[in-house]
Each structure stands twice: as C-alpha cells, then as structure tokens.
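Close look at the chain arrangement
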Amino acid sequence: MDELNALMGGFAVALSWQNVGLMFVGILLGIVVGVLPGLGGPNGVAILLPLTFSMDPVSAIIMLSCIYWGALFGGAITSILFNIPGEAWSVATTFDGYPMAQRGEAGKALTSAFTGSCLGALAGVLLITFLAPLVAKFALRFGPPEFFAVYLLTFCSFVGMGKESKPKILIAMCLGFVLAAVGMDTVSGTLRMTFGSTELLRGFDFLVAVIGLFGISEILMTMEEGVAFRGKQARIDLKVVLKTWAELPRYWLTVLRSSVIGCWLGITPGGATAASFMGYGVAKRMARDPDSFGQGNVEGVVAPETAAHAAGTSALLPMLALGIPGSATAAVLLGGLMIWGLQPGPLLFAEQGPFVWGLIASMYLGNIVGLIVVLSTVPLFAAILRIPFSIIAPLILVICAIGAYTVNGALFDVWLMLGFGVVGYVLKKLDYPLAPMVLALVLGDRAEDAFRQTMLVSSGALDVFWSNGLVGTIMGLAVFVLVWPVVSDWRMRGKRVA
C-alpha cells in the first residue's frame, strides 16, 4: 500500500507539463536512435546525456529513460521493414517480422511488435514498483563488506553468465578496471597513471569513454560495412491496429512467458539480447506449429519483442535499488545520476523519494506514450533510413564531439573520445564485449573503495567476507555464478565421452 501511495505521488511529479513534453521529445529522439544502425540505446543515451545537464534530475532522467524506450521501439522498425536490426536485441524480430513485411503484412507485424514491447515493458515496471523498495530496505543492512560482495557478484555474473568468450569478457573488464584507476586515488590521495599530465588528474570521464566506445565505434563499423537501406513500405491505419489487437489475446501465454524470461534476464546480466533470443526459442519450442516460425508467424514477433522490453526495463531495478546496473544503458544512466549528485542504492528511496517514484511513474507513462507515438509515425521514421549514411554519419559525429566537449569544457576530451572510438572499433572487430568494460569503468572505483574500507576495518583479514550470513551468502553466490559454467561444461563433456 505504501508503494501505491508513493507511486501516486510519482505520477503527480511525472504529469507536469514540462515532464510530459520531455517524454514526447525523449520518445521521438529514442525512435531515431533505434532506427539508425549507427546508434542504439546505450549510444543515444550517452551522446544526448550532456543535453540534460541544465535540467533538474527528475526531468533529465525522465527524458533519458524515454530515449531508451524509444530506442527499444525503433529497433523493430528496421528489423521488420528492412531486415536490418537497429539493435542487437532486434535480431530475433527479423526472423518472422521481415517475412511478414514481404507478404504485405508490415502493419500487422509492426503493431504486434510494438504492443508486445509495451506489455513486456509494463511487466518490468510492475516488478520495479513492488520489488525495488523491498530490495532497497533489505540493502540498508549493507556495510562495506556487503557492498564489495555485491559488486563482486555483478562482475562474476557478467563473466559466468555472459554469452561471449570468457577470456574476452575478463580482458574487457580488466581494461575497464585499469581505466577506472587513472587519476587521484580517493583513499590515499596519491596520483595513479597520470604520467605527469594535468588533464589526466580527473581520470577518464565515463561519459567521454562511452560516447567514443559506442557512438564513434559504431560509425566506423557502419562506414566499413557500407550499409544500404532497401525495405518495404509500411502503412499503419486504425483498422490494421484494431484488427491486430483483436488477434493478440490468443498469444497471452507467450506474452506472459516472455515477460518472465525478460524480467529474469534483465535483473541478471543476461540483457535484452539474450532475452529476445530465449523468448523466441521458448515460443518456438512450445508452439503447436514450430515449423511456421521463420516463415512469418506473428508469435515469432511478439515473443522476442516482449522479452527484450521486459529485460530492458527490469535492468533498472538493480541500478535503482543497489546501484548496480543490469545493462550497458543502465550503466550510462547510473553515471548520469552520479553526475547530478544522486547516489543510486538503498538510500536513494529514503532520501530522494520524489525522484525515484517520479521516474517509476514516467516508465508507465513513457511506454504508453511511446506506443501511441510509434504507431502514428512509422512511415516518417522509416523514411529516415532512405537518407544516405554519408549525410547522417557526420551529423552523428558532430553530436558526439559536442557531447564530449560539454562534459568538462576541454578539447582534450574530444581527442579522448576519438581515441576511445578507435579502441571500441578494434574491440568490436575482435569480438570483445563492451558492456563489461563499461561496467568496470563505472563501478571499478566504488568496488575498490569498498574493498579497501573493508580491509582497513578488518586489519587486512579476508575472512571478514565470510563473517556473517549475509555477506557470506553473497560471496558464495558470486563464486557459484563464476564457476558454474565451467562445471556445466565438464558435465556435458563427460556425458559425450560416456
């Protein structure tokens, strides 16, 4: 009941004319971000983050979160109409969405995708509404050992549950730790890896790094691939929408199942991409006509979109309640909150109640607004893809440079951004994941501080991490998540040999 009362107060905050206007602006910008293959959710939020520095934190985070919702919606447009996934989590949508568009059912496919996305996101918001305050209250029992254990669990989860090569995840994460260590040591005040440069005294700003790693590297990748857009026309009218909505209730079990999958993989570091593929795979396995998947089955569009949005939304739960991002975009939002002087975690609900509940209320409104906007503007945003990339790429590059310069007002940051762009391009070419690197860059300092504070209190005794049931359980879970994939591989090899 307390949560509902607080949520009503959040709606009062989110429904101000200014915040409603920012929702529409964020959704529209997000759809553009999602439609253009050179951008994406984390990239768009990172690039546009400097635009919010002059806003109050509530309005800023509402706009940024709506950019994310719009990007999730926009990724489906390119997948269905052009067979080009605007986002990694939209790949599974192409399997049945594009064949439907080729049959002349683009309107039906898009309506199904957007509706499933909205339902999945609402499931994620419901989870945040009722679970985040409980998690935050529980986390008030945390001290430095418990916080380090949670950080370790997050890092181990990315390694143990990541789909990429484990050594590559570790290398990317270690690179992030090294970057996070540059600058002034917050405990002793000594300088680390500055090499006599005054520009490096403040370390590598995460925003400059993220803009380069995601935005610039994607531009370089897209230029190399020479993307050309050829797709189907899409016309969505009210008749198509209502007819599609009348058919969707028969897939209620698929929506429920994909929402559960998405919420679980959103809270854990599985992410929206893994959720979309798992949602699609489970739907195909449970369907009465699995052979129709890949030929233009509506269920093959609803399942991945629902799971992806549920995962993308629920990834904000650990970020708000524990200060631990569940996705790359959540890591960018986490950094934004810290820039505005807000510390995500257990105390955020107690000290910044209007902010948190205003954000949660905006999630409900933003997804509904997003559904309305995207259904009414699909032809317009599909037309954007017909603009030559040679025109779009320089515009994106200029926006990135402005965003990097705005952080500290230093030209050095623009050069850093370009350097990170080259690093990101090389890492992507070598199939190194960027999310673990961003996670380590954002949380590396905080994990180090928690560990060193713990060591000071315990006089260097490591058994403090097993001194009570709470910290011992979290540490044990971290070790389990880290070693379980190895144990599982051994078991599978043993069965094959037998």
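Residues numbered from 1 in each chain as written. Predicted model: local features only at pLDDT ≥ 70, side-chain atom pairs only at ≥ 80, totals over all residues. Heavy atoms only, no water.

Counting its secondary structure elements, the protein contains 21 helices and 2 strands. Across the 498 residues of the protein, 58% fall into the buried class. Taking all contacts inside the protein whose residues are at least 6 apart in sequence as the whole, residues at least 24 apart take part in 78%. (Helix = DSSP H or I, 4+ residues; strand = E, 2+ residues; numbered from the N terminus. Buried < 20%, exposed > 50% of the residue type's maximum accessible area, 1.4 Å probe, protein only. Contact = heavy atoms within 4.5 Å.)

Attention now moves to the pattern of salt bridges. A full pass over the atoms with the stated rule returns 2 salt bridges. Here Arg452 ties to Glu448 by a salt bridge, and the two come within 3.1 Å at their closest N and O atoms. Taken together, the positions of Arg452 and Glu448, both in helix α20 (residues 435-458) and 4 residues apart, correspond to about one turn of that helix. Residue classification places Glu448 among the partly exposed positions, given a relative accessible area of 21%. (Salt bridge = Lys/Arg side-chain N within 4 Å of Asp/Glu carboxyl O.)

The next subject is the side chain of Thr306. If you trace the backbone, Thr306 turns up in helix α13 (residues 299-314). In this structure the side chain of Thr306 is engaged in a polar contact, spanning 3.1 Å, whose partner is the backbone oxygen of Gly116. Ignoring any residue separated from it by four or fewer positions in sequence, one finds Thr306 in contact with Gly116, Ser117, Gly120, Val255, Ser258 and Ser259. (Polar contact = N/O pair within 3.5 Å; in protein donor to acceptor, adjacent residues only side chain to side chain.)

This part takes up α13. Taking 1.5 Å of rise per residue, 16 residues should cover 22 Å, and α13 covers 22 Å from first to last C-alpha, within 8% of that figure. In terms of burial, α13 is a largely internal element, 16 of the 16 residues being buried. (Expected span 1.5 Å × (residues − 1).)

Let us now look at α20. Taking 1.5 Å of rise per residue, the 24 residues of α20 would be expected to cover 34 Å, and the 33 Å separating its terminal C-alpha atoms lies within 8% of that figure. Leu443 marks the point of greatest bend in α20, at about 50°. A positive backbone phi angle near 60° is found at Ser459, which sits one or two residues after α20. (Bend = angle between axes of the 7 residues up to and from the residue.)

The next thing to look at is the packing of aromatic side chains. Under the definition given, this model contains 3 aromatic pairs. Both rings, one in Phe148 and one in Phe465, keep their centres 5.2 Å apart while their planes meet at 45°; by these two values the pair is tilted. Placement of Phe148 in helix α7 (residues 144-161) and of Phe465 in the loop between α20 and α21 (469-497) is noted, with a sequence separation of 317 residues between them. For Phe148, a relative accessible area of 16% puts it in the buried group. Centroid distance Phe451 to Phe465: 6.0 Å. Interplanar angle 5°. Geometry classified as stacked. Here Phe465 lies in the loop between α20 and α21 and Phe451 lies in helix α20, a separation of 14 residues in the sequence. By relative accessible area, which is 4% here, Phe465 ends up buried. Three or more aromatic residues link up through ring pairs in this structure, and these residues are Phe148, Phe451 and Phe465. Here Lys168 stacks its cationic end above the ring of Tyr432, 5.3 Å away from the centre of that ring. (Phe/Tyr/Trp six-rings, centres within 6.5 Å; stacked < 30°, edge-to-face > 60°. Lys NZ or Arg CZ within 6 Å of the ring centre and 35° of its normal.)

The backbone phi angle of Asp431 is positive, close to 65°, even though this residue is not glycine. Considering the arrangement of structural elements, one finds Asp431 in the loop between α19 (411-429) and α20.

Following both chains from N to C, one finds helix α8 (residues 166-181) and α20 inclined at 35°, their axes separated by 7 Å at the closest point. α20 is crossed by α8, and the crossing has right-handed handedness. Across the interface between the two elements, Ile169, Ala172, Met173, Leu175, Gly176, Phe177, Leu179, Ala180 and Ala181 from α8 touch Pro436, Met437, Ala440, Leu441, Gly444 and Asp445 from α20. Here the residues of the contact of α8 with α20 sort into 12 nonpolar, 2 polar and 1 charged. (Axes fitted to C-alpha atoms, helices over the stretch in contact; angles between N-to-C directions. Left-handed = near helix turned anticlockwise from the far one by under 90°. Nonpolar A, V, L, I, M, F, W, Y, C, P; charged D, E, K, R; others polar.)

Attention shifts here to the packing of helix α11 (residues 252-267) against α13. With their axes 7 Å apart at the nearest point, α11 and α13 run at an angle of 35° to one another. Crossing angle aside, the handedness with which α11 passes α13 is right-handed. For the pair formed by α11 and α13, the contact residues are Thr254, Val255, Arg257, Ser258, Ser259, Gly262, Cys263, Gly266 and Ile267 on the first element and Glu299, Val302, Ala303, Thr306, Ala307, Ala310, Ala311 and Ser314 on the second. Tallied by class, residues from the contact of α11 with α13 come to 8 nonpolar, 7 polar and 2 charged.

Moving on to the environment of Gly74. As for its placement among the helices and strands, Gly74 is situated in helix α4 (residues 57-82). Of the residues examined, Gly74 reaches a relative accessible area of 0% and is grouped as buried.

A surface patch of nonpolar side chains, amounting to about 940 Å² of accessible area, comprises Trp466, Leu477, Val479, Phe480, Leu482, Val483, Trp484, Val486, Val487 and Trp490. Here Trp484 shows up in helix α21. When its relative accessible area of 38% is taken as the criterion, Trp484 is described as partly exposed. (Patch = residues over 30% accessible without salt bridge, like charges linked within 9 Å, V, L, I, M, F, W, Y side chains within 5 Å. Areas by Shrake-Rupley, 256 points an atom, 1.4 Å probe, with all protein chains shown as cover.)

Glancing now at the confidence of the model for the protein. On average, residues of the protein score 75 in pLDDT, and 79% of them are at 70 or above. Put simply, helix α3 (residues 41-48) is where the protein has its lowest mean pLDDT, 68, and α19 is where it has its highest, 86. (pLDDT = per-residue confidence, 0-100.)

Below, the discussion takes up the environment of Leu110. Relative to the helices and strands, Leu110 is located in helix α6 (residues 106-139). Residue Leu110 is classed as buried on the basis of its relative accessible area of 0%.

Turning to the side chain of Asn297, a few remarks are in order. By the secondary structure assignment, Asn297 is in the loop between α12 (271-286) and α13. Assessed through its relative accessible area of 9%, Asn297 is described here as buried. Of the polar contacts made by the side chain of Asn297, one reaches the backbone nitrogen of Glu299; its length is 2.8 Å. Each residue touching Asn297, except ones within four places of it in the same chain, is listed here: Asp96, Met100, Asp289 and Ser292.

Bringing the environment of Tyr151 into the picture now. Secondary-structure assignment places Tyr151 in helix α7. On the accessibility criterion, Tyr151 (4% relative accessible area) is buried.

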